[in-house]
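Analysis of the macromolecular model
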Amino acid sequence: NKNDYYQKTIQALPKMGNYNAAIIIDELANEATLDDEILLLLSEKLSKSSYYTVHLTLQFIENKDLFSDKLELNLSTLLDVNDFFIARRAYRFLEEQTLSPETSQKLAAFAKKHEDRI
């Protein structure tokens, strides 16, 4: 079952190196249809993943137009990670989306806090 395979693989994603993570993200991006549960699990694991994994995931979500209200919450948590480059990448992605008022406020607060670095 592909969903079981993806669930197990995504669970291990934060521990993978960039090369292996890129293979998994590419595999997910090449799926004709992707279960929402898999996409949500992937977005949950991003806060513990490398910049490259986050970048590739956001790129694939954007390219396939998969952004949703469900993903918004998980992706907005990236604004709080310690790695500023990941937070800034999430900020740039989210600023292009239609967001809830709560996430819009969080985005504005991030922009104000880091106005000299964005």
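What comes next concerns the included structure.

Criteria and cut-off values
- Residues numbered from 1 in each chain as written.
- Predicted model: local features only at pLDDT ≥ 70, side-chain atom pairs only at ≥ 80, totals over all residues.
- Heavy atoms only, no water.
- Helix = DSSP H or I, 4+ residues; strand = E, 2+ residues; numbered from the N terminus.
- Expected span 1.5 Å × (residues − 1).
- Buried < 20%, exposed > 50% of the residue type's maximum accessible area, 1.4 Å probe, protein only.
- Arc of directions from axis to C-beta.
- Contact = heavy atoms within 4.5 Å.
- Phe/Tyr/Trp six-rings, centres within 6.5 Å; stacked < 30°, edge-to-face > 60°.
- Lys NZ or Arg CZ within 6 Å of the ring centre and 35° of its normal.

1. Some details on helix α2 (residues 18-29)
Counted at 1.5 Å a residue, the expected span for α2 with its twelve residues is 16 Å, and the 16 Å between its end C-alpha atoms agrees. Taken as a whole, α2 has its buried residues at Ala-21, Ala-22, Ile-24, Ile-25 and Leu-28. Across the axial projection of α2, the buried residues extend over an arc of 165°, all falling on one side. Next to the buried residues of α2 lie α1 (2-12), α3 (36-45) and α4 (51-63).

2. Structural notes on the side chain of Lys-45
With respect to the helices and strands, Lys-45 occurs in helix α3. If we skip the residues at most four places from it in the chain, Lys-45 touches Ile-10, Gln-11 and Pro-14.

3. Details of α4
Residue pairs spaced three or four apart in an α-helix point in one direction, given the helix's 3.6 residues per turn. Between the first and last C-alpha of α4 there are 18 Å, a value that for 13 residues agrees with the 18 Å anticipated at 1.5 Å per step. Taken residue by residue, α4 has Thr-53, Val-54, Leu-56, Thr-57, Leu-58, Phe-60 and Ile-61 as its buried positions. Close packing links the buried residues of α4 with α2, α3, α5 (69-76) and α6 (84-94).

4. Digging into the packing of aromatic side chains
For the structure shown, the criterion picks out five aromatic pairs. With a centroid separation of 6.2 Å and 15° between ring planes, the pair formed by Phe-84 and Phe-110 is classed as stacked. With Phe-84 in helix α6 and Phe-110 in helix α7 (residues 101-113), the pair connects residues that are 26 residues apart, well separated along the chain. Given the relative accessible area of 10%, Phe-84 is considered buried. The buried category is assigned to Phe-110, whose relative accessible area is 6%. An aromatic cluster of three or more residues is present, and its members are Phe-84, Phe-85, Tyr-91 and Phe-110. Sitting above the plane of the Phe-84 ring, Arg-117 keeps its charged end 3.8 Å from the centroid.

These figures capture arrangement, not role.
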